[in-house]
Amino acid sequence: MNLYLRYFDKETLVTNVDDAITFLKNIDEIGMNPVLESDIRDYVASDVFYPKRYKIRPRVYFIIIKTEAATMQDFKEKKAVRSHADEGASMKERPASSVLMKLNEERYGWYEGSMDFKRVLMVPGTGKFQYRDTHFVAQVKAASPMDCYNRIVEHLRGRVDERSQFPSAKGKNFKYRFLGTAKQ
């Protein structure tokens, strides 16, 4: 793993954290200190691949990027960019995609769907409106969990104030369970 560092027009590609710290020490404006050095070492040792920027003063930063590029030219031409397939090989399956796959899995039958949403209600004494957390549970005949979610939201939209806010099907405020198959 190599490191690309840039501060305005000064830039370098180094192979280890010691070379990176030496590069930064040679730039007087950065003011290298033990706390900054420790933070840079922690970032390099971590599994995080996002670029890291450090604030020098208001609107002035230097940046560190982890890269697989062997040379500065390879880095500039983006020849060593990590693809999502590479990240997937080293990390567990992404939770968002697995949730979406489960939601769209075709399985016709009865579902019990529950959702917590923000319902708009009028306060009787003042005539003003407020959001109130509301829990709703329904048993629905649907083709998939996503279809169950859509049917519940469609049902509620016709019965509550249009300003009410419904959660995402992928979030923690919508839950479902498959009750059994149904005749089509």
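Below is a summary of the structure that appears in this document. (Residues numbered from 1 in each chain as written. Predicted model: local features only at pLDDT ≥ 70, side-chain atom pairs only at ≥ 80, totals over all residues. Heavy atoms only, no water.)

1. Focus: the nonpolar core
For step 1, the next point in the chain: One finds Leu-5, Leu-24, Ile-40, Phe-62 and Ile-64 to be the most contacted residues of the largest nonpolar core, which totals 19 residues.
For step 2, the next point in the chain: Every element with two or more residues in this core is listed here: strand 1 (2–7), helix 1 (17–25), helix 2 (34–45) and strand 4 (60–67).
For step 3, the next point in the chain: Of all the elements, helix 1 adds the most residues to this core, at five residues.
For step 4, the next point in the chain: If near-sequence neighbours (up to four positions away) are discounted, Ile-40 is found in contact with Val-17, Leu-24, Met-32, Tyr-54, Phe-62 and Ile-64.
For step 5, the next point in the chain: Membership of the second largest hydrophobic core comes to 16 residues, among which are Tyr-149, Val-153, Leu-156 and Ala-169. (Core = buried A, V, L, I, M, F, W, Y, C linked by side-chain atoms within 4.5 Å. Buried < 20%, exposed > 50% of the residue type's maximum accessible area, 1.4 Å probe, protein only. Helix = DSSP H or I, 4+ residues; strand = E, 2+ residues; numbered from the N terminus. Contact = heavy atoms within 4.5 Å.)

2. A few points about the pattern of salt bridges
For step 1, the next point in the chain: For the structure on display, the rule yields eight salt bridges.
For step 2, the next point in the chain: A salt bridge links Asp-161 to Arg-163; the shortest N-O distance between them is 3.0 Å.
For step 3, the next point in the chain: Among the residues examined, Asp-161 registers a relative accessible area of 24% and is labelled partly exposed.
For step 4, the next point in the chain: Here the residues in one salt-bridge network are Asp-18, Glu-37 and Arg-41, joined through shared partners. (Salt bridge = Lys/Arg side-chain N within 4 Å of Asp/Glu carboxyl O.)

3. With respect to the side chain of Ser-114
For step 1, the next point in the chain: The topology assignment puts Ser-114 in strand 5 (residues 109–122).
For step 2, the next point in the chain: Judged by its relative accessible area of 16%, Ser-114 falls in the buried class.
For step 3, the next point in the chain: In contact with Ser-114, not counting residues within four places along its chain, are His-135, Phe-136, Val-137, Asn-173, Phe-174 and Lys-175.

4. Overview of the sheet that holds strand 6 (residues 129–142)
For step 1, the next point in the chain: Reading across the sheet, the three strands line up as 6-5-7 and stay open at both edges, with antiparallel pairing between neighbours. Each having just a single partner strand, strand 6 and strand 7 (174–180) make up the two edges of the open sheet. Direction aside, the axes of adjacent strands within the sheet are offset by 20° on average.
For step 2, the next point in the chain: Bridging between strand 5 and strand 6 involves 14 bridges; their strand directions are antiparallel. Among the inter-strand pairings, Trp-110 is bridged to a residue of strand 6, identified as Lys-141.
For step 3, the next point in the chain: Set on the sheet, helix 6 (residues 145–157) makes contact with strand 5, strand 6 and strand 7; between it and strand 6 the angle comes to about 130°. (Pairing = 2+ DSSP bridges. Axes fitted to C-alpha atoms, helices over the stretch in contact; angles between N-to-C directions.)

Function cannot be read off these values alone, since they describe shape.
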